[in-house]
Every structure is written in structure tokens, then in C-alpha cells.
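Given next are the chains, with one letter for each unit.
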Amino acid sequence: MLNIVLFGPPGAGKGTQSERLIERYGLVHLSTGDIFRANIKGETELGIMAKSFMDQGKLVPDEVTINMLRSEVLKHEHPKGFIFDGFPRTNAQAQALDVLLDELKAPISLMLALEVEEDELKIRLMKRAESSGRADDADPAIIENRIRVYNNETAPVKEFYQAQHKFKSIDGIGSIDDITARLFEAIDK
Ligand code: AMP
């Protein structure tokens with residue numbers, strides 16, 4: 001199985017690039033943000049709970065996120081692999097993912113981290129707000145909060161995969177096609 005963690009700050013292009021990767025490698029795309037948003041739309045209990053954190057740009061608590069991710073992974077019987085987009089976002093989530101994939105005897109192959117500097121992220125998120133309809137993209141204070149949460153809680157997850165020699169940094173600046181080509185090269189190497 002090819003199991004990829006597509007990593008990076010909000011606005012780095014994880015969603016866009018995930019679409020390219022699933023098409024080429026036939027992977028199952030699991031975006032925790034998308035799953036939470038689908039639950040919000042469906043007004044599920046999980047969605048109502050997640051919304052209260054997402055609206056503030058805070059992380060949904062680990063236990064909830066991990067349980068949700070676990071049940072999504074187990075829905076697929078013979079996957080070619082997964083692309084984890086927006087997960088793991090904390091070290092506790094990374095550890096839980098390792099335990100789960102251990103059970104499936106299919107460890108993470110690679111973490112690909114899209115690197116984009118902060119000023120560019122803010123520009124991209126404000127632009128995305130025009131089409132995404134996401135409240136958390138439209139408010140500069142919430143964007144600031146999400147970037148702060150990324151720097152404090154999520155960026156350290158890189159070290160978890162560095163220690164396992166699975167980490168690759170990818171320049172996230174340039175055309176969408178150029179960035180896709182960099183990702184393909186990193187995977188195919
Ligand atoms: P995203 O679509 O990845 O930008 O995520 C949008 C929001 O969903 C985040 O700001 C968090 O509030 C929540 N979220 C998504 N993934 C996670 C995660 N792995 N852990 C905690 N919260 C998450």
C-alpha cells in the first residue's frame with residue numbers, strides 16, 4: 001500500500017494536490033476538514049461539535065478526530081493506499097495513526113510537506129474565501145489563528161516523520177502543475 005501524509009499549513013494547496021495524487025496513484029483521499037464539513041452540512045452531532053472549534057480556527061479535539069479518522073479508514077476493504085490530507089495535525093494523532101496502520105500492516109510510506117511562506121498563505125486563503133464559502137477563510141483573525149495553531153501544534157509533527165526517515169519537503173510555490181510534478185517525483189523516486 002502507498003500511504004501518504006500530505007502536510008502543510010492552511011492554504012498550502014493540500015486539497016488541490018490531493019486530487020492530482022489520487023488520480024495518478026488510485027488512492028483513497030481522506031481529508032479530515034472535508035469530513036467535518038460534510039458532517040456540519042448534514043447537521044450530525046459530530047458536525048455540530050466540530051463546528052464550534054472550526055469557526056474559531058481551533059483544532060477539533062484529538063479523541064474525536066482520531067475516532068472519526070479510524071472509522072473512515074476501516075470503511076475501505078482493499079484500498080491501494082490512502083492520502084491523509086489535514087491529518088495528523090498533532091503528535092497524538094500521528095501516534096494513533098501509526099497504531100491503526102500497524103493493525104493493517106500498512107505503514108505510512110511518506111510525508112510530503114508543502115512549504116509556503118506565511119504572507120502567501122494569507123493571500124491564498126482570502127482569495128479562496130471568494131469561492132469556498134468557508135467562514136474560516138474569510139476572516140483575517142481566524143486565518144491568523146489557524147496559522148498560529150499550525151506553527152505551534154502541527155508543524156512539530158514533521159519531526160515525528162523525520163525520525164522515521166519518511167519526511168520530504170516540497171516547495172509549494174509555483175504553478176499547480178509544477179508543484180504536482182515535484183510531488184510525483186518525490187513519490188516515484
Ligand atoms: P482544513 O480543511 O484541513 O483546513 O481544516 C479545517 C478545520 O477543520 C481546521 O481548522 C480544524 O478546525 C478542523 N480540522 C481538520 N482536520 C483536523 C485535525 N486533523 N485535527 C483537528 N482539527 C482538524
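Not measured: the values here are computed from a predicted model.

Enquirer: Please explain the packing of helix H2 (residues 32–41) against helix H3 (residues 45–54) as it appears in this structure.
Expert: If you want to describe how two helices pack, look at the angle between their axes and the distance between the axes. Orientation of H2 relative to H3, taken along the N-to-C sense of each, is 120°, at an axis distance of 7 Å. It follows that H2 is oblique to H3 by the angle criterion. Where H2 crosses over H3, the handedness of that crossing is left-handed. Contacts from Gly33, Phe36, Arg37, Asn39 and Ile40 of H2 reach H3 at Leu46, Gly47, Ala50, Lys51 and Met54. A breakdown of the residues in the contact of H2 with H3 according to their chemical character gives five nonpolar, three polar and two charged.

Enquirer: What exactly am I supposed to notice about the site of the ligand here?
Expert: Taken together, 16 residues surround the ligand, and among them Thr32, Arg37, Lys58, Gly86 and Gln93 come closest. Between the ligand and Lys58 there is a distance of 2.6 Å, counted from an oxygen atom to a backbone nitrogen or oxygen. Here Gln93 contributes a side-chain N or O atom positioned 2.9 Å from a nitrogen atom of the ligand. In isolation the ligand exposes 480 Å². Once the protein is present, 96% of that is buried. Cavity membership is defined here by more than half of the atoms lying within 2 Å of grid points; on that basis the ligand lies in the largest pocket.

Enquirer: Looking at this structure, I do not really get helix H4 (residues 62–74). What am I missing?
Expert: At 3.6 residues per turn, the α-helix brings residues three or four places apart onto the same side. With 13 residues, H4 extends 18 Å from end C-alpha to end C-alpha; this agrees with the ideal 18 Å at 1.5 Å per step. Looking only at H4, the buried set comprises Thr65, Met68, Leu69, Glu72 and Val73. The buried residues of H4 occupy an angular sector of 135° when projected down its axis, which confines them to one face. In this fold, the buried residues of H4 make contact with strand E2 (28–31), H2, H3, strand E3 (82–85) and helix H5 (91–103).

Enquirer: Explain the side chain of Asn3 here, please?
Expert: Relative to the helices and strands, Asn3 resides in the segment before strand E1 (4–7). Looking at Asn3, its side chain comes within polar contact range of the main-chain oxygen of Pro107, at 3.4 Å. Discounting chain neighbours no more than four positions away, the residues touching Asn3 are Gly81, Phe82, Phe84, Leu101, Ala106, Pro107, Ile108, Ser109 and Leu110.

Enquirer: Just checking my understanding: could you explain the nonpolar core for this structure?
Expert: When a protein is soluble and globular, its nonpolar side chains tend to lie buried together. Counting residues in hydrophobic clusters, the biggest one holds 27 residues, and the most contacted among them are Val5, Leu30, Leu69, Phe84, Leu97 and Tyr161. At four residues, the largest contribution of residues to this core is made by H5. With residues near it in sequence (within four places) discarded, Leu97 still touches Val5, Leu69, Phe84, Phe87, Pro88, Ile108 and Tyr161. In terms of nonpolar packing, the next biggest core, distinct from the first, is built from 21 residues, Leu6, Ala12, Ile170 and Ala186 among them.

Enquirer: How should the pattern of salt bridges be read in this particular structure?
Expert: In this structure the tally under the stated criterion is 15 salt bridges. Where Asp188 meets Arg24, a salt bridge forms, and the shortest distance between an N and an O atom there is 2.6 Å. Residue Asp188 is located in helix H10 (residues 176–188), and its partner Arg24 is located in helix H1 (residues 14–25); the two are separated by 164 residues in the primary sequence. Residue Arg37 pairs with Asp34 through a salt bridge whose shortest N-O separation is 2.8 Å. Pair noted here: Arg37 and Asp34 are both in helix H2, with a separation of three residues, about one helical turn. For Arg37, a relative accessible area of 25% translates into the label partly exposed. The network of salt bridges with shared partners includes Arg128, Arg134, Asp136, Asp137 and Arg146.

Conventions adopted
- Residues numbered from 1 in each chain as written.
- Predicted model: local features only at pLDDT ≥ 70, side-chain atom pairs only at ≥ 80, totals over all residues.
- Heavy atoms only, no water.
- Axes fitted to C-alpha atoms, helices over the stretch in contact; angles between N-to-C directions.
- Helix = DSSP H or I, 4+ residues; strand = E, 2+ residues; numbered from the N terminus.
- Parallel < 35°, antiparallel > 145°, perpendicular 65-115°, else oblique.
- Left-handed = near helix turned anticlockwise from the far one by under 90°.
- Contact = heavy atoms within 4.5 Å.
- Nonpolar A, V, L, I, M, F, W, Y, C, P; charged D, E, K, R; others polar.
- Near = heavy atom within 4 Å.
- Polar contact = N/O pair within 3.5 Å; in protein donor to acceptor, adjacent residues only side chain to side chain.
- Areas by Shrake-Rupley, 256 points an atom, 1.4 Å probe, with all protein chains shown as cover.
- 1 Å grid on protein atoms, 1.4 Å probe; cavity = no way out; pocket = protein on both sides within 12 Å on 5 of 7 lines; lining within 4 Å.
- Sits in = over half its atoms within 2 Å of the grid points.
- Expected span 1.5 Å × (residues − 1).
- Buried < 20%, exposed > 50% of the residue type's maximum accessible area, 1.4 Å probe, protein only.
- Arc of directions from axis to C-beta.
- Core = buried A, V, L, I, M, F, W, Y, C linked by side-chain atoms within 4.5 Å.
- Salt bridge = Lys/Arg side-chain N within 4 Å of Asp/Glu carboxyl O.

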